[in-house]
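If you want the building blocks of each chain, they are given just below.
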Amino acid sequence: MTVPTVSLLSSLAAVVRGRAFAWLLYFAVAAALPFLLQAVLGESFSWGARTLCYVGIYAIAALGLNIVVGYCGLLNLGFGGFMLIGAYTTGILMKEYGFSFWAAALVSVGHGALWGIILGIPTLRLTGDYFAIVTFGFSQLVTMTAMNWDRITRGTKGYPGIPRPEVDLTWIPGVSFRHQFQITSIYEYWYLVAALLALCLFVADRLLRSRLGRAWQALREDEVAAEACGINAMWYKTLAFAISAGYGALAGSIIATYDTMISTKVFDFMTSVYVLCYVVLGGMGTVLGPLAGTALLVTLVEWLRENPAAQLARVMSWWPAAADWLARVPYQPDMRFVLYGILLILMIRFRPEGLLPNRARARELHEHGEAGDPDHESLFELRQR
Amino acid sequence: MTSTSDLHTGQAANAEALLEVCSVTKRFGGVTAVREANLKLMPGKVTSLIGPNGAGKTTLFNAITGCIPATSGQILVRTAQGLRRIEQLRPDRITRLGIARTFQNIRLFSNLTVLDNVKVGLHPRTRAGMFGAILRPPWVTREEATITRSAMRYLEFCGLEGRDGDVAGSLPYGYQRRLEIARALATGPRLLLLDEPAAGMNPAESRDLLDLIRKILESGVTVFLIEHDMRVVMNISDYIYVLDHGEIIAEGTPAEVRSNPRVIEAYLGSAH
Ligand SMILES: Nc1ncnc2c1ncn2[C@@H]1O[C@H](COP(=O)(O)OP(=O)(O)OP(=O)(O)O)[C@@H](O)[C@H]1O
Ligand SMILES: [Mg+2]
């Protein structure tokens, strides 16, 4: 090969590895996905599009939780609480006070972050398990408040009638095509979600690869050593908690307008657990891991609503005996959670680092998993503060 | 005896200490790990702290760096604004006042790369925050470039060139010790506390370590050293404090300490 060809190839490789190319790919795939789904799924397209939107929304939540769990190494079991706060804030502001979706979402993010700080300051001093329990208590508190504060939230009856987001492009000079419209179709919803997800991915990625991200990772690796490097542990943990809560609130506020109603049941404790599963199984501490985890698990749960054996039977028509047997396997939609559980156990057993792990974590789990971490010998020495 | 008193005037009274520990006591429940310790660190010198296992050396380091605050007593550090009490400060504040340390049980960020470990060390000397990280204006890009450049310089200084991309936890032991020193130096200290840096090193490695400590001194950093390896201690120390059962039982130059009967009894005696 000639020299120019080689340099062309290597610069092409650099472009492919670079972030600009990744973003181009993201937008191309996001734009094409609804059409692809329509082509592939045919009449069950609406199922596919709905699942797609849920993947996008929950991916935002997972990216946020990952900041606390993956970047900082703190276990948060109450993430659903922040999503609920965001949902109600957006719902109430849009319905009662006529806020636009954009203004309401912005206020929701701030409101979520505020509660992140309020919860974080007194509790982040607690170590591991105690901290996780307090976050669990917090989410229960939020759910109870929403269920019983009838005057504001309408309690267990749910909060209906939230308007759809409006897009107003009149401020851009020279726009004539549909410059002011309400988002209603599932296509439009997906593009809204994809755009917000892009923003969230961008921020999560920039945060990770910065002085701030390094400080968080240092705290995750060894808090004592991080403090000896001049890192104010409380400040950085609180900041992570606030940003993460803001992500959760944004996800909640999108769900509120997507469903046009809020039910307290949508964000119970299981929501916190599910989002945690997306993060852990996708790969903690990376940007794409939570995205992959959400895509896989949300799609799986939605797919398993219908008997998977019967679905398999349909494609197995070339082997009538097997298809016949499969078609007679009994199934109930709730059984999908059993299958889900089995999948989680298999994942933890065979790929504990997640689908798209961060390199170092994979190494840690596979190389000196059982051999006793030398760091832990010294915990006794310094953790008693 | 005259030579002894001459050296003592060099150590005390009118000379300006960089750090002073004044009757510091640390109790863990019923155990008094350090009792009424007094010591001074002179700028530009190597001061060593020796003593048998469990004497309280690491505890004293933890008290100075704020990792485990002292029960009572004062710790004073000389800053541009004069003497400053630090015994109540958080560890990160103390680091920012120019006191860095390494740990007896190596504490690296073992899943991060060697380069990132040193970059974390540069944290107190840089300032990009949340908005800087997200928006990444030109000054942040420049700051990141500076961080990378100086981190590489610290790696080179400590003999770790070419290792920057390795995962810190996978480094050989001797390199991990050096990396911890590089990370501590990156915080820009005036005083460096080294807790048994030669532990587990072979003679060749500890000779290299001696050279590194000399280089650190030449760059204007004062060193406070805990070390069991007597070759290292006697070779490099300007002044030595001997700790036994939490109390300072002797102090002086290497020659004085070596010939002190209490030291021979408490420490060197047991080692021979
Ligand atoms: N966090 C702690 N909690 C309770 N006791 C402690 C703690 N840290 C140290 N000690 C006790 O304080 C005493 C002094 O310990 P220290 O680690 O300071 O000794 P050392 O001189 O550094 O010994 P070595 O040479 O073995 O490192 C010991 O009796 C030890 O058990
Ligand atoms: Mg010790």
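Residues numbered from 1 in each chain as written. Chains lettered and ligands numbered in written order. Predicted model: local features only at pLDDT ≥ 70, side-chain atom pairs only at ≥ 80, totals over all residues.

## Structural notes on the overall build of chain A
Okay, step 1: Tallying secondary structure elements over chain A gives 18 helices and 2 strands in all.
Okay, step 2: For 385 residues, the compact-globule estimate of 2.2 N^0.38 gives 21 Å, and chain A sits close to it at 23 Å.
Okay, step 3: Along the first, second and third principal axes, the C-alpha atoms of chain A reach 65 × 65 × 60 Å. (Helix = DSSP H or I, 4+ residues; strand = E, 2+ residues; numbered from the N terminus. Rg over C-alpha atoms; globule rule 2.2 N^0.38 Å.)

## Focus: the domain arrangement of chain B
Residues and elements named next belong to chain B.
Okay, step 1: If you check the domain split of chain B, you get domain 1 (2–98 + 189–271) and domain 2 (109–187).
Okay, step 2: Placing the centre of domain 1 and that of domain 2 at their C-alpha centroids yields a distance of 27 Å.
Okay, step 3: Every element with two or more residues in the side of domain 1 that touches domain 2 is listed here: helix 3 (91–96) and helix 8 (203–218).
Okay, step 4: Counting residues per element, the side of domain 1 that touches domain 2 draws most heavily on helix 8, at 3 residues.
Okay, step 5: Across the side of domain 1 that touches domain 2, the residue classes tally to 6 nonpolar, 2 polar and 2 charged. (Domains from an automatic or database assignment. Nonpolar A, V, L, I, M, F, W, Y, C, P; charged D, E, K, R; others polar.)

## Side note on the interface of chain A and chain B
Okay, step 1: Chain A puts 31 residues into the contact, and the matching count from chain B is 31 residues.
Okay, step 2: Elements with a minimum of two residues in the side of chain A that touches chain B: helix 8 (186–208), helix 9 (211–221), helix 10 (223–228) and helix 17 (359–367) of chain A.
Okay, step 3: The biggest single contributor to the side of chain A that touches chain B is helix 9 of chain A, with 7 residues.
Okay, step 4: Here the residues of the side of chain A that touches chain B are counted per class, giving 14 nonpolar, 5 polar and 12 charged. (Contact = placed C-beta atoms within 7 Å.)

## Some remarks on the domain arrangement of chain A
Residue and element names in this part refer to chain A.
Okay, step 1: The assigned domain composition of chain A is domain 1 (45–285) and domain 2 (304–360).
Okay, step 2: Counting from both sides, the interface comprises 7 residues of domain 1 and, opposite them, 8 residues of domain 2.
Okay, step 3: For the side of domain 1 that touches domain 2, the residue count by class is 4 nonpolar, 3 polar and no charged.

## Details of the sheet that holds strand 1 (residues 19–28) of chain B
Residue and element names in this part refer to chain B.
Okay, step 1: The strand order across the open sheet formed by 4 strands is 2-1-4-5, and the pairing between neighbours is antiparallel. Edge positions in the sheet fall to strand 2 (31–41) and strand 5 (82–85), since each of these pairs with one other strand and no more. Neighbouring strand axes in the sheet, compared pairwise and without regard to direction, differ in orientation by 25° on average.
Okay, step 2: Contacts from helix 2 (residues 57–65) reach strand 1, strand 2 and strand 4 (72–79) within the one sheet, and its direction differs from that of strand 2 by about 65°. (Pairing = 2+ DSSP bridges. Axes fitted to C-alpha atoms, helices over the stretch in contact; angles between N-to-C directions.)

## A short note on the site of ligand 1
Okay, step 1: Of all residues adjacent to ligand 1, which total 14 residues, the nearest are Phe28(B), Ala33(B), Lys57(B), Thr58(B) and Thr59(B).
Okay, step 2: At the site occupied by ligand 1, nearby residues are drawn from chains A and B.
Okay, step 3: Mapped onto the shell around ligand 1, the elements with two or more residues apiece are strand 2 and helix 2 of chain B.
Okay, step 4: Among the elements that make up the shell around ligand 1, the one with the highest residue count is helix 2 of chain B (3 residues).
Okay, step 5: Taken together, the residues of the shell around ligand 1 break down into 4 nonpolar, 8 polar and 2 charged. (Near = placed C-beta within 6 Å.)

## Structural notes on the environment of Leu312(A)
Okay, step 1: Examined against the element boundaries, Leu312(A) turns out to sit in helix 14 (residues 308–315).
Okay, step 2: Along the backbone, Leu312(A) and Leu326(A) are 14 residues apart, and their C-alpha atoms lie at a distance of 7.3 Å.

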